[in-house]
Amino acid sequence: MENTLQLVRNIIPPLSSTKHKGQDGRIGVVGGCQEYTGAPYFAAISALKVGADLSHVFCASAAAPVIKAYSPELIVHPVLDSPSAVHEAEKWLPRLHALVVGPGLGRDDALLRNVQGILEASKARDIPVVIDADGLWLVAQQPALIQGYRKAVLTPNHMEFSRLYDAVLRGPMDSNDSHGSVLRLSQALGNVTVVQKGERDILSNGQQVLVCSQEGSSRRCGGQGDLLSGSLGVLVHWALLAGPEKTNGSSPLLVAAFGACSLTRQCNHQAFQKHGRSTTTSDMIAEVGAAFSKLFET
Ligand SMILES: NC(=O)C1=CN([C@@H]2O[C@H](COP(=O)(O)OP(=O)(O)OC[C@H]3O[C@@H](n4cnc5c(N)ncnc54)[C@H](O)[C@@H]3O)[C@@H](O)[C@H]2O)[C@@H](O)CC1
Ligand SMILES: Nc1ncnc2c1ncn2[C@@H]1O[C@H](COP(=O)(O)OP(=O)(O)OP(=O)(O)O)[C@@H](O)[C@H]1O
Ligand SMILES: [Mg+2]
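Residues numbered from 1 in each chain as written. Chains lettered and ligands numbered in written order. Predicted model: local features only at pLDDT ≥ 70, side-chain atom pairs only at ≥ 80, totals over all residues. Heavy atoms only, no water.

Student: I would appreciate a short explanation of the site of ligand 2 in the present structure.
Tutor: Neighbouring ligand 2 are 15 residues, the closest being Asn-157, Lys-197, Asp-201, Gly-223 and Gly-225. In this structure, an oxygen atom belonging to ligand 2 sits 2.6 Å away from a side-chain N or O atom of Lys-197. Separating a nitrogen atom of ligand 2 from a side-chain N or O atom of Arg-220 is a distance of 3.3 Å. For ligand 2, the protein covers 79% of the area, taking 630 Å² as the surface of the free molecule. (Near = heavy atom within 4 Å. Polar contact = N/O pair within 3.5 Å; in protein donor to acceptor, adjacent residues only side chain to side chain. Areas by Shrake-Rupley, 256 points an atom, 1.4 Å probe, with all protein chains shown as cover.)

What follows is the structure, given as structure tokens:
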């Protein structure tokens, strides 16, 4: 674990007075609908707290005023339910370093069709994508959407993993062999990086399998996965920018994913120390700065 943490440290860009706004990351979160406004907020604010300079949310129009009201720090585009959603989002793609697709997206068919278009446009531009939550629902319906796209990272929880596994490998996963299951799913998707979240997070790019067992807590409030996917958006950008020399030959995306898992669990640990059973994801987000320093700036 310590060795991989060192690789994460290697990809973190130094803070410098010569940099301009945007250089350390412009991240887009695609998600947010009438029902779910918290998830895209958690993901987008986590990206900022980890160190991105700008964080955008592309959401359905009903969610936009709500998300804007949570935070003046996010740039919110109420476009996802518009007939010109793909075109509207595409205008921003050249300015984004990574996309996080799915937190709070919901499963409305029209919205998912638009997100499919945004994903295709992102792939065409070679933009790295983290796919989480209902973005994984879309991928389970159409695995071809990300098949073989080496700049994709999937972050399924238990349920999302088994749904994806069933869809892609056409059979139930072996619950006694989680390493093998994660490895096989990644391979079947053409070496897309897969992060199976759980008591221990299991990560694979189809070649290597890593396990993150950073101490967290027993508190399982909703939104922790959104913190993870938002953080990962930034770390993926940093890792790809740093390149394989900095990751000692390991896959940059795997190193980034290990970093995001460690950070989320450390935030959970620290928040739980202070708040115990009343810990919520907002308490975890308040710990991002200290957790980041503890893990990566030692
Ligand atoms: N405040 C918010 O707006 C939040 C919205 N959320 C959104 O809610 C939507 C649905 O997400 P869900 O995660 O509920 O997805 P699903 O609707 O696929 O449900 C996952 C289910 O699996 C269960 N589960 C999780 N880990 C498990 C384990 N280890 N063993 C057995 N069961 C397990 C959960 O209790 C949940 O019922 C997504 O759009 C998501 O982003 C969540 O991110 C939570 C916070
Ligand atoms: N049993 C556990 N013990 C310790 N950490 C866990 C456990 N289960 C999940 N986690 C951690 O919690 C974080 C979120 O994982 P979880 O499975 O709750 O995601 P999720 O269901 O997508 O969350 P969200 O509510 O944001 O959608 C991950 O960092 C994971 O490592
Ligand atoms: Mg989730």
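Student: For this particular structure, what's the right way to read the pattern of salt bridges?
Tutor: Side chains carrying opposite charge are able to pair once their charged atoms draw close together. Applying the stated criterion across every chain yields a total of 8 salt bridges. For the salt bridge of Lys-19 with Asp-24, the shortest nitrogen-to-oxygen distance reads 2.9 Å. According to the relative accessible area criterion, Lys-19 is partly exposed, its value standing at 27%. Here Asp-24 falls in the buried class, since its relative accessible area comes to 9%. (Salt bridge = Lys/Arg side-chain N within 4 Å of Asp/Glu carboxyl O. Buried < 20%, exposed > 50% of the residue type's maximum accessible area, 1.4 Å probe, protein only.)

Student: Hey, could you run me through the packing of helix α9 (residues 224–242) against helix α10 (residues 252–275) in this one?
Tutor: A pair of packed helices is characterised by two quantities: the angle between their axes and the separation of those axes. The geometry of α9 relative to α10 is characterised by a closest axis approach of 8 Å and an angle of 145° between their N-to-C directions. Of the two possible hands of crossing, α9 and α10 adopt the one that is right-handed. Contacts from Gln-224, Leu-227, Leu-228, Ser-231, Leu-232, Leu-235, Val-236, Ala-239 and Leu-240 of α9 reach α10 at Pro-252, Leu-253, Ala-256, Ala-257, Gly-259, Ala-260, Cys-261, Leu-263, Thr-264, Cys-267 and Asn-268. Of the residues assigned to the contact of α9 with α10, the class counts are 15 nonpolar, 5 polar and no charged. (Axes fitted to C-alpha atoms, helices over the stretch in contact; angles between N-to-C directions. Helix = DSSP H or I, 4+ residues; strand = E, 2+ residues; numbered from the N terminus. Left-handed = near helix turned anticlockwise from the far one by under 90°. Contact = heavy atoms within 4.5 Å. Nonpolar A, V, L, I, M, F, W, Y, C, P; charged D, E, K, R; others polar.)

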